[in-house]
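Results of the structural survey
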Amino acid sequence: MAKGKRPPVIKVKLPAPEKVALLARYQHDFVEAGCDEAGRGCLAGPVFAAAVILPADFEHSLLNDSKQMSKADRYLLRTEIEQKALAFAVASVSNTEIDEINILNASFLAMHRAIDALHIRPEFLIIDGNRFNKYDGIPHQCVVQGDGKYFSIAAASILAKTYRDDYMMQLALEHPEYDWHTNKGYPTIKHRNTVLQLGFTPHHRRTFNVTNPQLSIF
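It should be emphasised that the depicted structure is a prediction, and the values quoted were computed from it without experimental measurement.

A short note on the overall build of the protein
In terms of regular secondary structure, the protein is built from 6 helices and 5 strands. Within the protein, the fraction of its 218 residues that count as buried is 48%. The contacts of the protein with a sequence gap of at least 6 include a subset with a gap of at least 24, amounting to 64%. With the model as given, the accessible surface of the protein reaches about 12200 Å², and the carbon-plus-sulfur share is 54%.

As structure tokens, this is what we get:
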């Protein structure tokens, strides 16, 4: 090989990883509810959470972490979940509450409110993530990336995500310049630029730092 020349790059196409089958239960002795939240990293809008109790025989080939699904599949699954769940509930914590208690505690509070609203009291909770504030004496288990491991957490992620998206679409009608109909309140470049140019709306989280997108490229 001539001096200074790099060896050719050989591209190898790897097979796509197989989808891991989700599990029906973390345990089988108690009535179990899965919980998840949506909107934790947003600059605007509430954080939403859902709690879902599914029948023991529930399964669906499309059900997965809501972030891994298309919009059409999320809404298709939402209908299926709401029709077949033994109990489900969706709750939220406002942007002003988030500013008062911080987003981590607000996420826990949203899940607590969703559990409060279930018409069946769960006896065990599985929570997406690695932290949770204990709820009313009910034992729980935190599961990192649980929305890709258990049906009930995946179902909760879909409900929380779709209900929050619907809410942000309504807010977008009031403030179309912030592009919430597409970014749903997340800190995209356009959203951040608009905040820096026009300021906050009443729906923004004032304690969240809005950085200049131009500084991010250096």
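The discussion continues.
Structural notes on the nonpolar core
Ile115, Leu118, Leu125 and Phe132 are the most contacted members of the largest nonpolar core, which totals 36 residues. Broken down by secondary-structure element, the contributors of at least two residues to this core are strand S1 (32–38), strand S2 (47–53), strand S3 (87–93), helix H3 (103–117), strand S4 (124–128) and helix H4 (151–174). The element that contributes the greatest number of residues to this core is H3, accounting for 8 residues. Ignoring any residue separated from it by four or fewer positions in sequence, one finds leucine 125 in contact with Ala33, Cys35, Ile115, Phe132, Tyr135, Ile138, Pro139, His140 and Gln141.

Some points on the sheet that holds S4
Read across the open sheet, the 5 strands follow the order S3-S2-S1-S4-S5; overall the sheet is mixed. Each edge of the open sheet is held by one strand with a lone partner, namely S3 and strand S5 (140–143). Ignoring which end each strand starts from, the neighbouring axes of this sheet average 20° apart. Where S1 and S4 come together, 4 bridges link them in parallel fashion.

Notes on the packing of helix H1 (residues 71–84) against H4
Geometrically, a packed helix pair is captured by the angle between its two axes and the distance between the axes. Interhelical geometry of H1 versus H4 gives an angle of 115° and a closest axis separation of 9 Å. Where H1 crosses over H4, the handedness of that crossing is left-handed. In contact with Arg74, Tyr75, Leu77, Arg78, Ile81 and Glu82 of H1, H4 contributes Ala155, Ile158, Leu159, Lys161, Thr162, Tyr163, Asp165 and Asp166. In the contact of H1 with H4, the residues fall into 7 nonpolar, 1 polar and 6 charged.

Rules used in this analysis
- Residues numbered from 1 in each chain as written.
- Predicted model: local features only at pLDDT ≥ 70, side-chain atom pairs only at ≥ 80, totals over all residues.
- Heavy atoms only, no water.
- Helix = DSSP H or I, 4+ residues; strand = E, 2+ residues; numbered from the N terminus.
- Buried < 20%, exposed > 50% of the residue type's maximum accessible area, 1.4 Å probe, protein only.
- Contact = heavy atoms within 4.5 Å.
- Areas by Shrake-Rupley, 256 points an atom, 1.4 Å probe, with all protein chains shown as cover.
- Core = buried A, V, L, I, M, F, W, Y, C linked by side-chain atoms within 4.5 Å.
- Pairing = 2+ DSSP bridges.
- Axes fitted to C-alpha atoms, helices over the stretch in contact; angles between N-to-C directions.
- Left-handed = near helix turned anticlockwise from the far one by under 90°.
- Nonpolar A, V, L, I, M, F, W, Y, C, P; charged D, E, K, R; others polar.

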